[in-house]
There are 2 protein chains.
Amino acid sequence: EDEAYFSGYSHFSIHETMLKDKVRTESYRDFMYKNRILFQDKVILDVGCGTGILSMFAAKAGASHVIAVDRSDIIYQAMDIVRENSLSDKITLIKGRLEDIELPVEKVDIIISEWMGYFLLFESMLDTVLYARDKYLSPGGAVYPDKFSIHLAALGDLDYYKKHVIFWEDVYGFRMSCMKGEVIREVLVDVVEQQKIISDSCIIKGWSSSSCQVSELQFSQDFAITVTCTGTLVGLVSWFDIGFETGCPSVVFFSTSPAHTATHWKQTIFLLDKPMEVDKGTVLVGRLTCRKDKKDPRALFITVTLCGKSYSYVLQ
Amino acid sequence: EDEAYFSGYSHFSIHETMLKDKVRTESYRDFMYKNRILFQDKVILDVGCGTGILSMFAAKAGASHVIAVDRSDIIYQAMDIVRENSLSDKITLIKGRLEDIELPVEKVDIIISEWMGYFLLFESMLDTVLYARDKYLSPGGAVYPDKFSIHLAALGDLDYYKKHVIFWEDVYGFRMSCMKGEVIREVLVDVVEQQKIISDSCIIKGWSSSSCQVSELQFSQDFAITVTCTGTLVGLVSWFDIGFETGCPSVVFFSTSPAHTATHWKQTIFLLDKPMEVDKGTVLVGRLTCRKDKKDPRALFITVTLCGKSYSYVLQ
């Protein structure tokens with residue numbers, strides 16, 4: 001199954017999508033170009049380098065050397081790209097799973113990686129970044145991005161609910177109601193318009209790259225959000241925020257929230273099995289639990305308890 | 001790899017997309033509801049039944065019995081759906097590869113299947129339909145759709161070319177020109193606006209379900225298309241047409257061409273390595289060859305010779 005994961009990244013189109021996501025790519029670029037002092041004469045490790053864009057940003061920002069690792073065949077393109085940009089003396093590319101290979105240096109000063117998946121944690125690539133931190137990061141070194149958090153709010157979009165759930169009640173004259181459960185069980189990935197959010201938002205959990213442990217990526221967290229607009233609650237919406245902060249003269253931050261420019265991560269949506277009328281001022285109290293699938297550790301099981309009822313979701 | 005293929009159809013969202021493709025689903029519905037005489041008291045085989053929608057159309061059209069086969073886990077939903085619509089006495093669902101299972105009848109009167117993939121032949125599901133025909137179809141029986149053809153025209157969309165090819169010449173200040181070859185090598189799947197077509201179109205190849213042999217699905221064919229509008233040729237566009245014709249009192253036809261309502265199959269695009277100025281009236285002469293990948297028989301290798309130059313594409 002890991003083969004399928006890595007080969008998904010060998011098609012060029014996913015790299016085109018990621019590069020063209022300006023919120024993502026320009027945040028990494030700005031972090032490096034505006035904080036050159038961090039990179040000056042430093043050794044950098046780029047985990048999951050893809051086309052090598054982050055490694056090239058780091059080289060241009062003044063790094064003495066960049067080691068870029070990727071398991072996917074895209075690294076053969078990255079090798080050509082680095083050569084095309086006359087950066088072969090600055091960037092060393094290594095094909096392989098980071099856990100399996102031996103780096104040509106004992107320690108690195110900075111680790112950079114764009115490891116985020118849907119709902120931040122889908123694909124579990126952060127596990128590899130933390131492995132790299134524990135094995136290769138110098139004392140006093142840093143992993144960027146260094147701050148990341150998952151947020152939650154209430155979704156009041158009855159049209160969305162009709163389109164994806166009620167739809168199954170009459171399909172060309174046939175009932176397919178049993179599909180409703182299947183749809184609700186899957187975490188949906190879609191762009192949510194800000195005006196469909198009918199509550200304030202809360203941070204479900206935040207982490208810091210310096211202290212984060214793999215064990216903390218499975219968690220259970222109480223939440224409370226307040227309805228800001230009387231309407232029909234059809235689900236919860238989640239997104240994540242990313243910060244490049246510690247030690248940065250110029251802090252860079254981006255958010256994948258519905259209030260910001262949409263990214264290729266969109267938002268993640270947890271639909272309820274029934275729409276629920278809610279009044280302004282109501283406090284929605286609940287608990288969210290996130291666990292990895294033991295059979296497919298890149299997939300996530302998410303359980304939400306809301307107003308005393310429990311819902312199970314899968315992101316796979 | 002076959003596991004990956006079938007498990008791709010276990011997610012509900014692909015079935016939502018296919019059902020919501022009205023051009024597709026209503027064509028099958030209209031074919032069956034408007035040609036009830038074909039289905040009256042007949043035994044039908046539905047190859048790759050998915051949610052069971054075609055089987056239910058057939059049952060409502062008067063079939064005495066429908067046998068529906070699918071290898072994907074979606075068939076468990078289809079079982080629930082058939083029960084929900086009180087059609088369990090009319091429709092028998094069987095999970096498995098058609099080539100591996102034994103049907104509960106020796107012969108069937110009609111085979112229906114929605115087997116079409118991108119560029120018509122991607123995924124090679126037609127091979128299974130033809131296997132079913134040769135093993136199970138009664139003399140005098142029919143396989144629907146019974147007519148299908150692949151068409152080709154010239155694409156004059158320089159913006160599209162810039163967006164997907166020229167893009168790689170400057171990515172945030174870096175050259176990634178080597179990616180251009182990768183992009184061009186992959187068959188692109190996208191909706192093409194009709195006004196971007198700058199030639200007439202030709203039929204590359206047409207088949208009839210009654211006589212078609214698996215060997216004919218790999219082919220080599222000369223073509224000639226005439227430029228209808230002076231402009232910049234950046235590639236070729238292909239689509240397919242589908243007919244329910246033989247023995248039908250009411251013929252049904254649909255096209256996935258840019259001139260018709262877009263479907264989930266969109267069009268397939270073969271980009272050239274360099275844009276080429278072409279004048280109205282120019283005849284573009286070439287040859288298209290389509291071969292299966294021996295390592296992954298659901299993938300296709302397509303070679304196009306145009307104006308004396310040869311281009312290789314892969315659809316995977």
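Conventions used here
- Residues numbered from 1 in each chain as written.
- Chains lettered and ligands numbered in written order.
- Predicted model: local features only at pLDDT ≥ 70, side-chain atom pairs only at ≥ 80, totals over all residues.
- Heavy atoms only, no water.
- Salt bridge = Lys/Arg side-chain N within 4 Å of Asp/Glu carboxyl O.
- Buried < 20%, exposed > 50% of the residue type's maximum accessible area, 1.4 Å probe, protein only.
- Helix = DSSP H or I, 4+ residues; strand = E, 2+ residues; numbered from the N terminus.
- Least-squares fit on C-alpha atoms with pLDDT ≥ 70 in both.
- Contact = heavy atoms within 4.5 Å.
- Buried area = accessible area lost by both parts, 1.4 Å probe.
- Polar contact = N/O pair within 3.5 Å; in protein donor to acceptor, adjacent residues only side chain to side chain.
- Nonpolar A, V, L, I, M, F, W, Y, C, P; charged D, E, K, R; others polar.

Enquirer: What's the story with the pattern of salt bridges in this structure? I'm lost.
Expert: Two side chains that carry opposite charge are able to pair once their charged atoms sit near each other. Across all of its chains, the model carries 24 salt bridges over all chains by this definition. The partner of Arg133(B) in a salt bridge is Asp134(B), with the nearest N and O atoms 2.9 Å apart. Under the relative-accessibility criterion, Arg133(B) is labelled buried at 7%. Take Asp134(B): its relative accessible area is 53%, and that puts it in the exposed class. For the salt bridge of Lys309(B) with Asp273(B), the shortest nitrogen-to-oxygen distance reads 3.2 Å. Remark: Asp273(B) occurs in strand β12 (residues 267-278) and Lys309(B) occurs in strand β15 (residues 309-315); sequence separation between them is 36 residues. With relative accessibility at 33%, the residue Asp273(B) sits in the partly exposed group. Put simply, Arg97(A), Glu99(A) and Asp100(A) are held in one network by salt bridges that share partners.

Enquirer: So what exactly am I meant to see when it comes to the relation of the copies chain A and chain B here?
Expert: Both copies of the chain are placed relative to one another by a rotation about an axis and a shift along it. Note on the identical chains: chain A maps onto chain B by a rotation of 180° and an axial translation of 0.0 Å, with an RMSD of 0.0 Å. Here the transformation between the copies is reduced to the relation of a two-fold axis. A share of 100% of the interface residues of chain A reappears at the interface of chain B, consistent with the copies meeting face to face through the same patch.

Enquirer: Just to check I follow, could you spell out the interface of chain A and chain B for this structure?
Expert: How big an interface is tends to be expressed through the accessible area that disappears when the partners come together. Contact residues are listed per partner, giving 41 residues for chain A and 41 residues for chain B. Carbon and sulfur atoms make up 65% of the area that chain A and chain B hide from each other, which totals about 3,700 Å². Per-residue buried area on chain A facing chain B is highest for Phe12(A), Tyr172(A) and Phe174(A); these three make up 23% of the total on that side. Where chain A touches chain B, the interface holds zero salt bridges. Scanning the region where chain A abuts chain B turns up 16 residue pairs in polar contact (both at pLDDT 80 or more). Residue classes in the side of chain A that touches chain B are distributed as 19 nonpolar, nine polar and 13 charged.

Enquirer: Just checking my understanding: could you explain the environment of Phe167(B) for this structure?
Expert: Within the secondary structure, Phe167(B) is located in the loop between α8 (158-164) and α9 (178-185). Phe167(B) sits in the buried class, given a relative accessible area of 17%. C-alpha separation for the pair Phe167(B) and Ile111(B), spaced 56 residues apart in sequence, amounts to 46 Å. In contact with Phe167(B), not counting residues within four places along its chain, are Glu16(A), Leu19(A), Lys20(A) and Lys162(B).

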